[in-house]
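Fold and geometry: a report
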Amino acid sequence: MTVDEAIEAGLIGPNLWLYSNYTCNLTCTYCLTESAPNVPARELSRERMQELAREAAALGFRGFGVTGGEPFLLTDMPGRLADLSELLPVTVLSNATAFNGDRLNGVKALGGKDVTIQISLDSAEPIKNDAMRGPENFRKVLAAIPRLLDAGVGVRIASTVEDPEHADLSDLCELHRSLGISDEDHVVRTIIRRGRAATEGMGETVGTTELFPELTVTADGAFWSPFAPTVADGRLDTDLLVTRSTRPLEHAAETLIRLVSGSGTTRYDDRFR
Ligand code: SF4
């Protein structure tokens, strides 16, 4: 079965996910990758990202997701994203707290391109939001969003909460609507018990039964989903590793499709798509 056929059949997700780097300027309480300023970068080079993207487009993937760590700590990230968007639409996950000076100008240059920045914001209450994500996080995010929208950059908001089904998100939804971000562009996710969340005893335990398969490539290999290449006590988790070999990408894609086809799992939890 080809990638195109597997996507059409709903066996795997339509996007190729790339972990650009594991470093971050923040140290969020529930971070799956134990990201922080001084952790090993595990970076995918610009050339490698471009190579993977070209292969993915040829295989039939429909888009790219870029995540980390904080991708925009890599100063050439806007150029990398612009390159990828020439091939397929791109969604990049960001904490949006490092957008100032030259970096902000670089991000603004993405205006009009097929790049959407998915920004984390967990609560309409600054104290509650910042308790998980760090001091001044709320203020910085709310300062960044209008600047990006004014520059024509696509913005979505992602909220990570303990119990999405029972959480009262009305204030948060009112806030994102007031910023000009529609309900369709607000993603709500549950905390996953991996990385720092596991250390803190937070979130839900997941595996291949719950996680929708979405091919995810890091500097260390190919994984089952963007929630898979996590870090615990400084060591990469390999329980959801698909293969160490990502050259060619087709090999990794075929391995994932084979695993999915053989797993017998046909219903995944929609919260982890
Ligand atoms: S959750 Fe995101 S923003 Fe927070 S430390 Fe981890 S990578 Fe950085």
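Residues numbered from 1 in each chain as written. Predicted model: local features only at pLDDT ≥ 70, side-chain atom pairs only at ≥ 80, totals over all residues.

**Observations concerning the overall build of the chain**
In terms of helices and strands, the chain carries nine helices and eleven strands. Taken against the 2.2 N^0.38 rule, which gives 19 Å for 273 residues, the C-alpha radius of gyration of the chain at 18 Å falls within 12% of a compact globule. Each principal axis of the C-alpha atoms in the chain carries an extent, and together these give about 45 × 40 × 35 Å. Pairs at least 24 residues apart make up 70% of the contacts formed inside the chain by residues separated by at least 6 positions. (Helix = DSSP H or I, 4+ residues; strand = E, 2+ residues; numbered from the N terminus. Rg over C-alpha atoms; globule rule 2.2 N^0.38 Å. Contact = placed C-beta atoms within 7 Å.)

**Brief notes about the pairing of strand β3 (residues 90-94)**
Counted residue by residue, β3 has five buried out of five residues, so it is predominantly covered. Here β3 shows two buried faces, one formed by Val90, Val92 and Ser94 and the other by Thr91 and Leu93. With helix α3 (residues 77-85) bridging strand β2 (residues 63-67) and its parallel neighbour β3, the resulting β-α-β unit is right-handed. The sheet contact formed by β3 and strand β4 (residues 115-120) spans five bridges and is parallel. When the bridges of β4 are listed, Thr91 appears paired with Thr116. This β-α-β element, β3 to helix α4 (residues 101-108) to β4, shows right-handed connectivity. (Buried ≥ 20, exposed ≤ 12 C-beta atoms within 10 Å, placed from the backbone. Right-handed = clockwise from strand over helix to strand, strands pointing away. Pairing = 2+ DSSP bridges.)

**Focus: helix α2 (residues 46-59)**
With 14 residues, α2 extends 20 Å from end C-alpha to end C-alpha; this agrees with the ideal 20 Å at 1.5 Å per step. Three or more residues of α2 are buried, namely Met49, Leu52, Ala53 and Ala56. In an axial view of α2, the angular spread of the buried residues amounts to 105°, which keeps them on one side of the axis. When the buried face of α2 is taken as reference, the exposed residues oriented beyond 90 degrees from it are Glu47 and Ala58. Backbone geometry just after α2 places Gly60 at a positive phi near 115°. (Expected span 1.5 Å × (residues − 1). Arc of directions from axis to C-beta.)

**Some remarks on the nonpolar core**
With 67 residues, the main nonpolar core has Leu16, Leu18, Leu215 and Leu256 as its most contacted residues. Ranked by residue count, the leading element in this core is helix α9 (residues 249-263), at six residues. Those residues in contact with Leu16 that lie beyond four places of it in its chain are Leu52, Ala56, Phe61, Phe64, Leu215 and Val217. (Core = buried A, V, L, I, M, F, W, Y, C linked by C-beta atoms within 7 Å.)

**What about the site of the ligand?**
For the ligand, the full set of nearby residues is Cys24, Leu26, Thr27, Cys28, Cys31, Thr33, Ser35, Gly68, Gly69, Glu70 and Asn95. Residue composition of the shell around the ligand, by class: four nonpolar, six polar and one charged. (Near = placed C-beta within 6 Å. Nonpolar A, V, L, I, M, F, W, Y, C, P; charged D, E, K, R; others polar.)

**Regarding the sheet that holds strand β5 (residues 154-161)**
One open sheet accounts for nine strands, arranged β6-β5-β4-β3-β2-β1-β7-β8-β11; its pairing is mixed. With partners counted over all chains shown, the strands left at the sheet margins are β6 (186-190) and β11 (241-243), one partner each. This sheet shows a mean twist of 25° between the axes of neighbouring strands, independent of strand direction. Bridge analysis of β2 against β3 gives three bridges, and the strand direction is parallel. (Axes fitted to C-alpha atoms, helices over the stretch in contact; angles between N-to-C directions.)

**Structural notes on the pairing of β5**
Across five bridges, the pairing between β4 and β5 is parallel. Bridge pairing in β5 links Ile117 to Val155. Pairing geometry for β5 and β6, over five bridges, is parallel. What sits directly across from Ser159, in β6, is Val188. The parallel pair β5 and β6, bridged by helix α7 (residues 170-178), forms a crossover whose chirality is right-handed.

**Describing the packing of α2 against α3**
Between α2 and α3, the shortest axis-to-axis distance is 10 Å and the interhelical angle comes to 15°. When the interaxial angle is binned, α2 and α3 end up roughly parallel. When the axes of α2 and α3 are compared, the crossing they make is right-handed. Residues Arg46, Met49, Gln50 and Ala53 of α2 form the contact with α3, whose own contacting residues are Arg80, Asp83 and Leu84. Class assignment for the residues of the contact of α2 with α3 results in three nonpolar, one polar and three charged. (Parallel < 35°, antiparallel > 145°, perpendicular 65-115°, else oblique. Left-handed = near helix turned anticlockwise from the far one by under 90°.)

**Digging into the environment of Met1**
With respect to the secondary-structure elements, Met1 resides in the segment before α1 (3-8). Through-space distance from the C-alpha of Met1 to that of Ser261 is 9.6 Å; in sequence the pair is 260 residues apart.

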